[in-house]
Amino acid sequence: MAQRIPRDESLSRVHGVGSLFSAAYGNVGSSIYYALGVTAAFALGLTPVAFVISGLIFAATAATYAEATVMFPEAGGSSSFARHAFNELVSFIAAWGQMLNYTITVAISAFFVPHYLAVFWPWLGDSPGDIIGGAVLIVALALINIRGTEESAKLNLILAVADLATQVILVGIGLVLVLSPEVLVDNVHLGVAPTWSDFLLGIAVGMIAYTGIETISNMAEEAKDAARTIPRSVGLTVVAVLALYLLIPIVALSAMPVTQDAAGHYATELGSTFADDPILGIVENLGLAGTPTEILRYYVGVLAAVILLIATNAGLIGVSRLTYSMGQHRQLPEGLRQVHPKYRTPYIAILIFAAIAILTLLPGQTDFLATMYSFGAMLSFTIAHVAVIQLRRVKAEAERPWKPPLNFRAFGFEVPLSAVLGGLGTFIAWLVVMALNPRTLVVGLGWMALGIAIYVLYRRNQGLPLTETVKVVLPEPLGVEEVEYRSVLVGFEDEEAFSPEMVATAVKLASKRRRGIHVHSMMTVPTNLPLNAAMPEKEADAQSKIEEAKLIGGQRVTGHVSRVRPGQAGYSVADEAAEIKAEAIVVGLNYRNGVPLYDKTLQTILGERPCRVIVVSDPTEKSPVVPGAALAEAGR
Amino acid sequence: MSSDRFYHGAVRAFSLAFLAIGIVVLVVTLANGGGPASVGFLLGIAFILVGAGRLWIGTRSGG
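Residues numbered from 1 in each chain as written. Chains lettered and ligands numbered in written order. Predicted model: local features only at pLDDT ≥ 70, side-chain atom pairs only at ≥ 80, totals over all residues. Heavy atoms only, no water.

## Describing the packing of helix 3 (residues 47-71) of chain A against helix 16 (residues 366-394) of chain A
All names here are of chain A. Here is the rule we go by: All axes here are fitted lines through C-alpha atoms, helices being fitted over the stretch that makes contact, and every angle between N-to-C directions spans 0 to 180 degrees. Helix and strand definitions here come from DSSP, where helices need a minimum of 4 consecutive H or I residues and strands a minimum of 2 consecutive E residues; each element is numbered from the N-terminal end. Relative orientations are named as follows: roughly parallel for angles under 35 degrees, roughly antiparallel for angles over 145 degrees, roughly perpendicular for angles from 65 to 115 degrees, and oblique for any other angle. Less than a right angle of anticlockwise turn of the near helix away from the far helix marks a crossing as left-handed, whereas a clockwise turn marks it as right-handed. When checking whether two residues touch, look at their non-hydrogen atoms; a contact exists if any pair is within 4.5 Å. Only Asp, Glu, Lys and Arg are considered charged in this grouping, and only Ala, Val, Leu, Ile, Met, Phe, Trp, Tyr, Cys and Pro are considered nonpolar; every other residue, Gly among them, is considered polar.
The interhelical angle for the contact between helix 3 and helix 16, taken along N-to-C directions, is 50°, at an axis separation of 10 Å. By the criterion of interaxial angle, the relationship of helix 3 to helix 16 is oblique. Helix 16 is crossed by helix 3, and the crossing has left-handed handedness. Between helix 3, through Ala60, Thr61, Thr64, Tyr65, Glu67 and Ala68, and helix 16, the contact on the second element is made entirely by Phe381, Ala384, His385, Val388 and Arg392. Within the contact of helix 3 with helix 16, the residues separate by chemical class into six nonpolar, three polar and two charged.

## Describing the interface of chain A and chain B
The condition that has to hold: Here the buried area means the combined drop in accessible surface, using a 1.4 Å probe, for two parts upon being joined, counting both sides. Here, a salt bridge means any Lys or Arg side-chain nitrogen found within 4 Å of an Asp or Glu carboxyl oxygen.
Counting residues at the interface gives 19 residues for chain A, matched by 19 residues for chain B. Carbon and sulfur atoms make up 81% of the surface buried where chain A meets chain B, a total of about 1,600 Å² over both sides. When residues of chain A are sorted by the area they lose upon contact with chain B, A:Pro181, A:Arg232 and A:Leu236 head the list and together hold 30% of the total. Seen at the junction of chain A and chain B, the total is zero salt bridges. Contributions of two or more residues to the side of chain A that touches chain B are made by helix 1 (17-30), helix 7 (153-177), helix 8 (181-186) and helix 11 (226-255) of chain A. The element best represented in the side of chain A that touches chain B is helix 11 of chain A, accounting for ten residues. Taken together, the residues that form the side of chain A that touches chain B break down as 14 nonpolar, three polar and two charged.

## A word on the pairing of strand 4 (residues 413-416) of chain A
The condition is simple: Pairing between two strands is assigned when DSSP locates at least 2 bridges connecting them.
Alignment of strand 3 (residues 407-410) of chain A against strand 4 of chain A, held across four bridges, turns out to be antiparallel. Residue pairing in the sheet places A:Arg409 in a bridge with A:Glu414 of strand 4 of chain A.

## Thoughts on empty space enclosed by the protein
Once rolled over the atoms, a probe with the size of a water molecule shows which space is left empty. Residue and element names in this part refer to chain A. For clarity, the threshold we go by: Residues are called lining when one of their atoms sits within 4 Å of a cavity or pocket point, these points coming from a 1 Å grid over the protein atoms alone, where a cavity is a set in which a 1.4 Å probe fits but cannot get out and a pocket is an open set with protein on both sides within 12 Å along at least five of seven lines. Grid points are joined across faces, edges and corners, and a volume is the space filled by probe spheres set on the points.
Tallied over the full model, the rule gives two cavities of 30 Å³ or more. In this structure, the largest cavity occupies an estimated 80 Å³ of space. Glu493, Glu496, Val587, Gly588 and Thr601 are the residues nearest the centre of the largest cavity, which is lined by 13 residues in total. In terms of residue class, the lining of the largest cavity is made up of six nonpolar, four polar and three charged. Here the second largest cavity is characterised by a volume of approximately 50 Å³.

## Comments concerning the side chain of A:Thr166
Residue and element names in this part refer to chain A. Using the following cut-off: Using a 1.4 Å probe on the protein chains alone, a residue whose accessible area is under 20% of its type maximum counts as buried, one over 50% counts as exposed, and one in between counts as partly exposed. N or O atoms closer than or at 3.5 Å make up a polar contact, with two conditions inside protein: a donor-capable atom paired with an acceptor-capable one, and, for residues adjacent in sequence, both atoms drawn from side chains.
Within the secondary structure, Thr166 sits in helix 7. Overall, Thr166 belongs to the buried group, its relative accessible area being 5%. A distance of 2.5 Å separates a polar side-chain atom of Thr166 from the backbone oxygen of Ala162. When sequence neighbours within four positions are dropped, the list of residues in contact with Thr166 reads Tyr299, Val300 and Leu303.

## Overview of the pattern of salt bridges
Side chains carrying opposite charge are able to pair once their charged atoms draw close together. Residues and elements named next belong to chain A. Per the counting criterion, the structure on display carries ten salt bridges over all chains. A salt bridge links Glu294 to Arg297, with the shortest nitrogen-to-oxygen separation between them at 3.3 Å. With Glu294 and Arg297 both in helix 13 (residues 290-328), this residue pair falls three residues apart, about one helical turn. Looking at Arg297, the relative accessible area reads 16%, which means it is buried. Across the salt bridge formed by Lys538 and Asp494, the nearest N and O atoms sit 3.1 Å from each other. Taken together, the positions of Lys538 in helix 20 (residues 536-553) and Asp494 in the loop between strand 5 (487-492) and helix 19 (500-509) put the pair 44 residues apart, joining distant regions of the chain. By relative accessible area, Asp494 is classed as buried at 13%. Bridged by salt links that share partners, the residues Glu67, Arg392, Arg400, Lys403 and Glu414 form one connected network.

## Section: the pairing of strand 5 of chain A
Residue and element names in this part refer to chain A. Taking burial as the measure, the six residues of strand 5 include six buried ones, the bulk of the element. Here strand 5 shows a buried face lined by Ser487, Leu489 and Gly491 and a second buried face lined by Val488, Val490 and Phe492. Pairing geometry for strand 5 and strand 6 (residues 516-524), over six bridges, is parallel. Among the inter-strand pairings, Val490 is bridged to a residue of strand 6, identified as Val519. Judged from the three bridges that link them, strand 5 and strand 8 (residues 584-592) form a sheet pairing that is parallel. Directly across from Leu489, in strand 8, lies its bridge partner Ile585.

## What to know about the layout of surface pockets
Considered as a void within the structure, the second largest pocket measures approximately 990 Å³ in volume. Within the residue set of the lining of the second largest pocket, elements represented by two or more residues are helix 3, helix 11 and helix 17 (417-435) of chain A together with helix 1 (3-31) and helix 2 (39-61) of chain B. The greatest single-element share of the lining of the second largest pocket, amounting to eleven residues, is contributed by helix 11 of chain A. Per-class residue counts for the lining of the second largest pocket are 33 nonpolar, five polar and two charged.

If you want it as structure tokens, here you go:
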């Protein structure tokens, strides 16, 4: 595994329980900042019960994800499970539902950022300040994502810890100062406040509080000992989230009870005044003195805004990765998944889905966003549950490193009870969201119909079958089938164009156990300039090669930009390979007038060769004098 | 920190947190005059049972 211990740019690709848990909690834990208010608006005094019920559905869903992710440790979540269990069309439906989730995550997270920042600038807390703020944030992040960005695991870890600690502290203070079981009981007027239909909708909407479980699934390729670490991290996430999502609404509803107004309507400030910043509502109603409340307000405002900003960005990264994954499986037209000529990111898809996210937040109605999210998530989760049951049937003998408890035999195979109950729960929640919300029904089904139409037309147009998996053919390396390396370094010079063949070769070399690939993208700094001189264009170009490599190699590809002096590129590659203990170096063969050029960089690498060196030629520049010489290998 | 140590540490931390939360909820409920059939009392007992139970399982299995 290529690990860059001394530097900070690349992160370990070997995730244990700690980092998987922090990533998942960071993602799931961010949802409470918007889910609490919108759920309370529906479920009123039964909000804690709604969260418990949706939490149990979440626990069953998490178990389903853990089983299937351990079985197929690859990115894609429900879309990937559906591909293995059913066919490409079902996989597309799951993926398109996920795309809706990512888009709405972008919209809802961005919409709530201004509300929490309103502790500093109150005009952001009202319309149109919140809508404008959210839209500007989406545009800014979309542009950043087009240039290429990556999540920082360290920042995620810090935020997850801060988030967890803050929520525990708020719960602790709340339990001591405001908890009132009497008030909690008085809050409930069964069948009236909330009405049964609102309570059911509250459960379905409450599921948005548990968004983000796909995070672990998407990190599965990087997990160390997936059979142990994934179930454990999923388990810890479920326990932490279930406990906090029970206690936070209990504290909130003790502090902001359900009251009846003059017109006879029941409401809680949690679902009205503080619907758009519920955690700030808790802070303001904890009964603390003025100064501590003010300090806590500013702290929670900043923390929530940062967490939601990261969640917005994670949504856009999700759009980007999902577009690539769907493109790889020929589920989306080329036009939609077209990559930027310079930054090598799927900019058309980012722009389109960012625009859709902005459109959905323009009305400024969080309940619409919440029910739309619930629509997409429940559909995806239901497909995941059904896929796991189907896999138990059609691949009964396949190795399952982890299975949830409580299985029973029926119809000739072992059925997972968690998937059955979880699937029923998510399916019923999906129906409830549609039945009780005509607008969500129309827009949600319209979204799915649009996606399926695009898929069918595209596949027909390409002469591809609708239900079979057809992958984009990546350039196949030659002559390396029998060799596998624990870590591979790919070196790019700055005047060298990005070569998919080089990355494909590295992926093949490191394929069998999902080993690491590190891209060493160099930019040459002239000797008349200091080594740290600002060279934004060159830097962006070097960074874009790393991003494009990630599009081909997935999450196990890391990379960093290295500044070198003229003529030092070969030494830089050799030093880097030694530093990260790479077992193979992949470099490109340059050509001049169709003739291979064994330039100084290549000669230096071959001369130094700290490990095996694989030289890859670009087929489009293949020289007539070396027919078929797509790859040469120099042993140590 | 190894994955195993993190996991077992986290399980212990969660168990203790559950125990502490249960005790706080129980004390607050009783201080406010809640009886054995009140929501707070039952919730407190439930948290204490879950926390203590998981600690006990961890002690038995050495985890």
